[in-house]
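Secondary and tertiary structure notes
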Amino acid sequence: LNDKTSYRKVSYFNDIDELVNFTTNKYKMFNNTFFNLATTNKMGGADENLIKRCVLGFDFDKKNYDYDFTHHHIIEKFKELKLWYHAIVDSGNGYHVYMVIEPTNDLEKVQEVQKSIGKLLGCDMNATLKTQILRVPYTFNLKQDKAKEVRIISQFHKTTIKKYDINQLHKKYCSEFRKNE
């Protein structure tokens with residue numbers, strides 16, 4: 001979307017490098033640009049077009065918290081749950097937090113885990129869909145009148161990222177005793 005009301009273009013990329021190259025092109029200004037957390041068959045972003053996921057994403061809108069809410073509050077929630085995150089992005093009006101998982105096509109399990117962990121973290125539960133989209137870093141959020149740059153504010157810095165296993169997360173966070181909490 002180039003602005004709040006008009007042009008909408010959907011592009012598909014073969015890998016993350018193509019997406020980064022596209023969105024960081026210095027000759028273009030990208031506004032309200034999103035990516036789907038799942039890979040697709042390039043036919044659309046609906047459930048039937050999703051193929052696999054390699055990341056969990058959690059959305060924290062500042063408007064849902066106290067006025068002094070920062071990413072440090074999110075980091076503390078992760079520590080309480082003994083989880084680690086791989087990146088935190090300032091979306092302009094809140095934060096997106098990413099946890100890298102081993103690639104999986106079990107999208108039902110991914111959604112269950114995302115909802116369970118999201119509930120424990122206190123994130124926006126409306127943003128835990130299989131079809132979830134989030135803003136692309138280094139583009140601009142035009143949700144309000146003033147453009148706000150979407151930027152990475154914290155990320156895992158080791159050369160090898162330890163990915164979560166969705167089955168282990170499911171076992172820990174989606175067992176019967178957890179569902180009753």
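Not measured: the values here are computed from a predicted model.

The next subject is the overall build of the protein chain. From N to C terminus, the protein chain includes five helices and nine strands. Across the protein chain, helices and strands are ordered from the amino to the carboxyl terminus as α-β-β-β-α-β-β-α-β-β-β-β-α-α. Per-residue burial over the protein chain gives 43% buried out of 181 residues. As displayed, the protein chain offers around 11000 Å² of accessible surface, 52% of which is attributable to carbon and sulfur atoms.

With that settled, consider the pattern of salt bridges. Applying the stated criterion across every chain yields a total of three salt bridges. Its salt-bridge partner being Glu 76, residue Lys 79 comes within 3.6 Å of it at the nearest N-O pair. Placement of both Lys 79 and Glu 76 in helix H2 (residues 71-80) is noted, with a separation of three residues, approximately one turn of the helix. With a shortest N-O distance of 3.9 Å, Lys 109 and Asp 106 are connected by a salt bridge.

Between two packed helices, what matters for the description is the angle formed by their axes and the separation of those axes. Where helix H3 (residues 107-121) contacts helix H4 (residues 166-173), the axes come no closer than 9 Å and their chain directions differ by 50 degrees. By the angle between their axes, H3 is oblique relative to H4. The chirality of how H3 crosses H4 is left-handed. Judged by residue contacts, Lys 109, Val 110, Glu 112, Val 113, Ser 116, Ile 117 and Leu 120 of H3 engage Ile 166, Asn 167, Leu 169, His 170 and Tyr 173 from H4. Grouping the amino acids of the contact of H3 with H4 by side-chain chemistry returns seven nonpolar, three polar and two charged.

Definitions and limits used
- Residues numbered from 1 in each chain as written.
- Predicted model: local features only at pLDDT ≥ 70, side-chain atom pairs only at ≥ 80, totals over all residues.
- Heavy atoms only, no water.
- Helix = DSSP H or I, 4+ residues; strand = E, 2+ residues; numbered from the N terminus.
- Buried < 20%, exposed > 50% of the residue type's maximum accessible area, 1.4 Å probe, protein only.
- Areas by Shrake-Rupley, 256 points an atom, 1.4 Å probe, with all protein chains shown as cover.
- Salt bridge = Lys/Arg side-chain N within 4 Å of Asp/Glu carboxyl O.
- Axes fitted to C-alpha atoms, helices over the stretch in contact; angles between N-to-C directions.
- Parallel < 35°, antiparallel > 145°, perpendicular 65-115°, else oblique.
- Left-handed = near helix turned anticlockwise from the far one by under 90°.
- Contact = heavy atoms within 4.5 Å.
- Nonpolar A, V, L, I, M, F, W, Y, C, P; charged D, E, K, R; others polar.

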